[in-house]
Amino acid sequence: MDLIPLDTLAAGALAVVQPEVLLWTLIGVLIGFVFGAAPGLTATTGVAIATPLTFGAGFDVAMALLLGIYAAGYFAGSIPAILINTPGAPGNAATALDGYRLARAGKADLAISLAVMASAVGGVISLLILMVAAPNLASFALAFTSVEYFALGLFGLVCVAAVSGGSLVKGILGAAFGMFLGTLGIDEVGGITRFTFGLPELQGGVPLIPTLIAFFAVTEILLQAGVHQDIAVLPPQQRHPVRRLPGLALRHGWLLLKSSLIGTFIGILPGTGPTIAAWIAYGQSQRRKAAADGEDVAATRGVIAAESANNAVTGGALVPLLTLGIPGDTVTAVLIGALLIQGIAPGPFFIFEHGDLFAQILTILLVAALMTLVLGLGARRVLPKILAIPPRILLPIIAVLCAAGGFAISHAPFEVGLIAVLGIAGYTLACFNFPMAPIVIGLVLGPIIEVNLRNGLAANAMDLTIFITRPISAVLLAAILMTLAWSTWRARTTEHDR
Amino acid sequence: MRNWNVLAGGLMTATCLAVATGSGAIAADYPEKPVEIVVPFGAGDALDSTARVIAERLKDKLGVPFIVKNIPGAGGGKGTAEANKAAHDGYTLLMGSTGALTAGPLINDAGYKAEDFVALAQLVEAPIALAVAADSPYKSVKDVVEAAKQAPGKVTYSTPGPGATQHINMEILAKDQGIEMTHIGGRGGKGAVTKALSGEVDFVFVGASNYTSLAEAGKLRVLGVAAEERLTYLPDAPTFKEQGYDFDVAVWFGLLTNKGAPDDVVDKLREAIAEVANSDETRDLYKKFDLNEAFLDGAAFQERIEGNVATHAVVLKDIGLMK
């Protein structure tokens, strides 16, 4: 398939480089920062709330506002993830693991810089892919049936090994617990409720955002409250000059590229999104553990992988939207309404008939990524000052934010109660040294694995061999086996060396 | 200390009194405060678009904000249960749709029943249609039915999810034709379309507006529209009726409020909604969202809901989903 003519692209790009559109992009980016950073609010909510505001606006202004929120929203959740272990959105949970560790070690500046840089790189790489290959990649989105989604889910589960901390057994138990939480509510295959204890509120299952708030933020609050205040003095925050960033980016160039590609391709797959992308990229980044690498290098790799992957979802998710009219993630699902109001039905004709509008979308996303980069780098000096607030003041404030975030999800007290219950469960598990991340991964991937296993079998007359006769699924399953075999072998040899 | 208790007690009594008198609103005063419209699906959904179009107009008409509150989850069950908990004073409206309202409570202990709500007005309908991928061997509804007769359970199809209107109605057709097919949920309409495009299922049965651009591009073939007449945006797609199948089903969206709301408040709401729903402005916005205007007044809508519940109960029992 041919690309759009370059002059159409250029004209489209020029059309949006004008003060009014740039201003609306900036406003979008700022709103995106707020929605991304506030726990309980996400880029999806931000775009949904802003959509009716664009009913009377032109295409360029409408897209400037909404795509600004989109690009900044996927990044901004990393700031509270790094500073207070509270991912602003599910996609930033993987960032919390290493980012928070860096912040506690006095390197919040470095962690935020890395997150900003990785987000910008991920966003731009996915944009380039969207620009040059969108029509060809549409078929990739359609190569995935339930069989492939099942294999992908299983593949994602392998990253539990990377986030289990000291004990793989506890990691696996945690993931199993998360998968159990994922079975609550209406069964998506059978249509009937499971384990709801007669509570209608649980029909929709255990929602992800309150679970994240509970297992990350609330658990951490309770753990810290148990530490004697005088001992809990953090080392002073170090500055990290911007000029060192390009060097860091180059040193981790391959990781940046790989994670951005993972993010883009997962973005292309409908029904997935930044959360899965970030965990898979994170898991991949932790496979290499050279002896020479210090703790900081491993943490650096973790933040880079998670953030470049979750922001790369933006360009990826637009591929099926603009080529098939099928959204790649939840934000693009909301964008359909915004496009319809502009009189544009996203579908196979969009890029060919509206090459100029396609160019406008690309340009706005690029501008939004750059604005996020500048604003993020600007904010990284100020924000870590939050860590200087004494825990006895900071912790209750975070607790209130968590409760408010829970309430924001469905405007009902149920989620707030759920956060409290799961938070205490998380604290109890943490006291027994269970890592929290596997639980969250289990909750995210459990339903994908279960539903697609059952659907895949139902659609193929209960034939189990379908999982190895379809090529993509076979490759993914083989990759899982190889990863497991390799890490077992490595664990044995390192033990032997000692 | 004692004085504080007395004061607190007094304040609480005063609050209770205020609440009590507030809830006894009469139509002359209604609405005195913002009204909430609970949308049991996420922002950006077709149901949500309908609610937002109407909310804006109702605000202008009645002079108080009409706030759209999205409570997604459980195929609409979670938000509907939440709306059922609200005070029966007409200050909480429900944007109801087929399935969540008419089938959900029959399948699970959903925390509400269709009878818990009183109908205000049906607003729009979304016609449903059957489509196959471009490379599918099926060229007509008859081909699909014949294939299913040849090999029971072998033909697969997708809808937004188990218990959805689309699923229930396809099972009604299957029962009428004496055939058996395998259902795969698509986690929403677009997801169901994807399953047909990727070749995972033999056909998809969801809202017809999902097909428009894909059909034009030749990626999908619409074999049957379950409506009285052909659709303006899919002029080449034949109806089921043209092919000899008496099959006319649609997903409807409409406003309801809790049963027990004062009669005069219900009347006032019905009147206001009828007026804004039948304005040209509203119709223009519907068109942009590919929503088919299908106004029914409160009484007619109520009758339709009750009729749907009765038919759905029969089918759900047949396919073993009835609780």
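Residues numbered from 1 in each chain as written. Chains lettered and ligands numbered in written order. Predicted model: local features only at pLDDT ≥ 70, side-chain atom pairs only at ≥ 80, totals over all residues. Heavy atoms only, no water.

*Asks:* Help me out: how do you make sense of the overall build of chain B in this one?
*Replies:* Scanning chain B for helices and strands turns up 11 helices and 10 strands. If you line up chain B on its principal axes, its C-alpha atoms span 80 × 45 × 30 Å. In chain B, which comprises 323 residues, the share counted as buried stands at 55%. Excluding contacts between residues fewer than 6 apart, the proportion of contacts in chain B whose partners are at least 24 apart in sequence is 76%. Once the 31 positive and 42 negative side-chain charges of chain B are each reduced to a mean point, those two points are 5 Å apart. (Helix = DSSP H or I, 4+ residues; strand = E, 2+ residues; numbered from the N terminus. Buried < 20%, exposed > 50% of the residue type's maximum accessible area, 1.4 Å probe, protein only. Contact = heavy atoms within 4.5 Å. Lys, Arg positive; Asp, Glu negative; His and termini not counted. Charge placed at Lys NZ, Arg CZ, Asp CG, Glu CD.)

*Asks:* Got a minute to help me understand the interface of chain A and chain B in this structure?
*Replies:* Tallying the contact residues gives 45 residues for chain A and 39 residues for chain B. Summing the contributions of chain A and of chain B, the shared interface buries around 3,500 Å²; its carbon and sulfur component is 62%. Where chain A packs against chain B, one counts 3 salt bridges. The partner of Lys-85 of chain B in a salt bridge is Glu-201 of chain A, with the nearest N and O atoms 2.5 Å apart. At the junction of chain A and chain B, the tally comes to 8 residue pairs in polar contact (both at pLDDT 80 or more). Only α15 (330-341), α18 (391-410) and α20 (437-459) of chain A provide two or more residues apiece to the side of chain A that touches chain B. Taken together, the residues of the side of chain A that touches chain B sort by class into 28 nonpolar, 13 polar and 4 charged. (Buried area = accessible area lost by both parts, 1.4 Å probe. Salt bridge = Lys/Arg side-chain N within 4 Å of Asp/Glu carboxyl O. Polar contact = N/O pair within 3.5 Å; in protein donor to acceptor, adjacent residues only side chain to side chain. Nonpolar A, V, L, I, M, F, W, Y, C, P; charged D, E, K, R; others polar.)

*Asks:* Looking at this structure, how should I read the packing of aromatic side chains?
*Replies:* Note on aromatic pairs: each is described by the distance of the centres and the angle between the planes. All chains considered together, the criterion is met by 14 aromatic pairs over all chains. Clustering of aromatic rings is evident, with ring pairs tying together Phe-140, Phe-144, Tyr-149 and Phe-265 of chain A. Stacked on the ring of Tyr-91 of chain B, the Lys or Arg Lys-33 of chain B has its end atom at 4.6 Å from the ring centre. (Phe/Tyr/Trp six-rings, centres within 6.5 Å; stacked < 30°, edge-to-face > 60°. Lys NZ or Arg CZ within 6 Å of the ring centre and 35° of its normal.)

*Asks:* What is the right way to look at unusual backbone geometry in this model?
*Replies:* For residues besides glycine, phi is generally negative; the peptide bonds are generally trans as well. Cis geometry is found at the peptide bond from Tyr-30 of chain B to Pro-31 of chain B, where omega equals -5 degrees. Topologically, Pro-31 of chain B is positioned in the loop between α1 (2-23) and β1 (35-39). A positive phi angle, near 65 degrees, is found at Asn-433 of chain A, a position not held by glycine. Among the secondary structure elements, Asn-433 of chain A is positioned in the loop between α19 (414-431) and α20. For Arg-187 of chain B, which is not glycine, the phi torsion reads 55 degrees and is therefore positive.

*Asks:* What is the right way to read a negative patch on the surface from this model?
*Replies:* Residue and element names in this part refer to chain B. A cluster of acidic side chains, namely Asp-263, Asp-264, Asp-267 and Glu-271, defines a negative patch on the protein surface. The topology assignment puts Asp-263 in helix α9 (residues 263-277). Owing to a relative accessible area of 62%, Asp-263 belongs among the exposed residues under this scheme. (Patch = residues over 30% accessible without salt bridge, like charges linked within 9 Å, V, L, I, M, F, W, Y side chains within 5 Å. Areas by Shrake-Rupley, 256 points an atom, 1.4 Å probe, with all protein chains shown as cover.)

*Asks:* Hey, could you run me through the confidence of the model for chain B in this one?
*Replies:* If pLDDT is low for a region, its predicted coordinates should not be looked at in detail. Residues and elements named next belong to chain B. On average, residues of chain B score 88 in pLDDT, and 91% of them are at 70 or above. Predicted confidence in chain B is weakest over α1, with a mean pLDDT of 47, and strongest over helix α5 (residues 141-150), with 97. In the model, residues 9-25 has pLDDT below 50 throughout and makes 3 contacts with residues more than four positions away in sequence or in other chains. (pLDDT = per-residue confidence, 0-100.)

*Asks:* Teacher, can you tell me more about the domain arrangement of chain B here?
*Replies:* Interfaces are frequently sized by the accessible area removed from exposure as the parts join. Residue and element names in this part refer to chain B. On domain assignment, one finds that chain B holds domain 1 (32-125 + 251-318) and domain 2 (127-243). On a C-alpha basis, the centroid separation for the pair domain 1 and domain 2 is 27 Å. Counting from both sides, the interface comprises 13 residues of domain 1 and, opposite them, 12 residues of domain 2. Between domain 1 and domain 2 the total buried area reaches about 960 Å² when both faces are included, carbon and sulfur atoms providing 66% of it. In terms of surface lost to domain 2, no three residues of domain 1 exceed Val-251, Asp-290 and Val-315, which account for 44% of the buried area on that side. Inspection of the region where domain 1 meets domain 2 yields 1 salt bridge. With a closest N to O distance of 2.8 Å, Asp-318 and Lys-175 form a salt bridge. Considering every element that reaches the side of domain 1 that touches domain 2, the biggest residue donor is helix α11 (residues 298-318), with 5 residues. Counted by class, the side of domain 1 that touches domain 2 contains 6 nonpolar, 4 polar and 3 charged residues. (Domains from an automatic or database assignment.)

*Asks:* In this structure, what is going on with the packing of helix α10 (residues 208-225) of chain A against α20 of chain A? I would like to understand it.
*Replies:* Two numbers describe a pair of packed helices, the interaxial angle and the distance between the axes. All names here are of chain A. Running from N to C, α10 and α20 point in directions that differ by 170 degrees, and their axes come no closer than 10 Å. In terms of their interaxial angle, α10 and α20 are classed as roughly antiparallel. Two secondary-structure elements touch here, α10 through Leu-208, Thr-211, Leu-212, Phe-215 and Phe-216 and α20 through Ile-439, Val-440, Leu-443 and Val-444. Residue composition of the contact of α10 with α20, grouped by class: 8 nonpolar, 1 polar and no charged. (Axes fitted to C-alpha atoms, helices over the stretch in contact; angles between N-to-C directions. Parallel < 35°, antiparallel > 145°, perpendicular 65-115°, else oblique.)

*Asks:* Help me out: how do you make sense of the nonpolar core in this one?
*Replies:* One recurring pattern in soluble globular proteins: nonpolar side chains tend to sit buried together. Membership of the largest hydrophobic core comes to 151 residues, with the highest contact counts inside it found for Trp-279 and Ile-361 of chain A. No other element matches the 17 residues that helix α7 (residues 108-142) of chain A contributes to this core. Setting aside chain neighbours within four positions, we find Ile-361 of chain A in contact with Phe-59, Met-63, Leu-67, Leu-318, Leu-322 and Phe-350 of chain A. Val-39, Met-95, Phe-203 and Val-276 of chain B belong to the second largest nonpolar core, which has 62 residues in total. (Core = buried A, V, L, I, M, F, W, Y, C linked by side-chain atoms within 4.5 Å.)

*Asks:* Mind showing me how you'd approach helix α6 (residues 165-177) of chain B here?
*Replies:* Every α-helix winds through 3.6 residues per turn, so residues three or four apart in the chain are directed the same way. All names here are of chain B. Compared with the 18 Å implied by 1.5 Å per residue over 13 residues, the 18 Å span of α6 between its first and last C-alpha is a close match. Looking at α6, one finds that the buried residues are Thr-165, Gln-166, His-167, Ile-168, Asn-169, Met-170, Glu-171, Leu-173 and Ala-174. Against the buried residues of α6 lie β4 (117-133), β5 (156-159), β6 (182-185), β7 (203-207), β9 (250-258) and α11. Downstream of α6 by one or two residues, Gly-178 has phi in the positive range, about 65 degrees. (Expected span 1.5 Å × (residues − 1).)

*Asks:* How should helix α2 (residues 46-62) of chain B be read in this particular structure?
*Replies:* Residues and elements named next belong to chain B. Look at α2: 24 Å from first C-alpha to last across 17 residues, which is about the 24 Å you get at 1.5 Å a residue. For α2, every residue scored as buried is listed here: Leu-47, Asp-48, Ser-49, Thr-50, Ala-51, Val-53, Ile-54, Ala-55, Arg-57, Leu-58 and Leu-62. Where α2 ends, the next residue or the one after it, Gly-63, has phi of about 80 degrees, a positive value.

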